[in-house]
Amino acid sequence: MENLIKAVMRKKGELNLSTKALAENTGVSQWTLSALFRGKRIRIYKSTEKKLNDWLYTKI
């Protein structure tokens with residue numbers, strides 16, 4: 001999971017996206033994304049993981 005979060009953060013920066021814009025693009029709430037980026041969220045749901053993976057895949 002840590003590698004996924006790092007990859008999403010990296011791509012978010014490359015695309016110069018706000019957390020809100022990323023939330024709109026991925027379908028994951030901005031509050032969830034914010035908690036993941038700050039390390040406040042330990043557990044990630046499979047559905048959230050899939051949404052983030054799917055979004056990353058489209059950006060390759």
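What you are looking at is a predicted structure, and each value in this text was computed from that prediction instead of being measured. (Residues numbered from 1 in each chain as written. Predicted model: local features only at pLDDT ≥ 70, side-chain atom pairs only at ≥ 80, totals over all residues. Heavy atoms only, no water.)

Each helix and strand in the protein chain was counted, giving 4 helices and 0 strands. Of the regular secondary structure in the protein chain, the N- to C-terminal order runs α-α-α-α. In terms of overall dimensions, the protein chain is globule-like: its C-alpha atoms have a radius of gyration of 10 Å, near the 10 Å expected for 60 residues. Seen along its three principal axes, the alpha-carbon backbone of the protein chain occupies a region of about 25 × 20 × 20 Å. (Helix = DSSP H or I, 4+ residues; strand = E, 2+ residues; numbered from the N terminus. Rg over C-alpha atoms; globule rule 2.2 N^0.38 Å.)

What follows deals with the pattern of salt bridges. If you walk through the whole model with that rule in mind, you get 4 salt bridges. The shortest N-O distance in the salt bridge between Glu2 and Lys6 comes to 3.4 Å. Here Glu2 pairs with Lys6, and both are found in helix α1 (residues 2–14), just 4 residues apart, close to one helical turn. You can call Glu2 exposed: its relative accessible area is 55%. (Salt bridge = Lys/Arg side-chain N within 4 Å of Asp/Glu carboxyl O. Buried < 20%, exposed > 50% of the residue type's maximum accessible area, 1.4 Å probe, protein only.)

Attention shifts here to the nonpolar core. Ranked by size, the top nonpolar core spans 13 residues in total, and within it Val8, Leu33 and Leu52 carry the most contacts. Broken down by secondary-structure element, the contributors of at least two residues to this core are α1, α2 (19–26), α3 (30–38) and α4 (46–58). With residues up to four places along the chain from it excluded, the contact list for Leu52 reads Leu4, Ile5, Val8, Thr26, Val28, Leu33, Leu36 and Ile44. (Core = buried A, V, L, I, M, F, W, Y, C linked by side-chain atoms within 4.5 Å. Contact = heavy atoms within 4.5 Å.)

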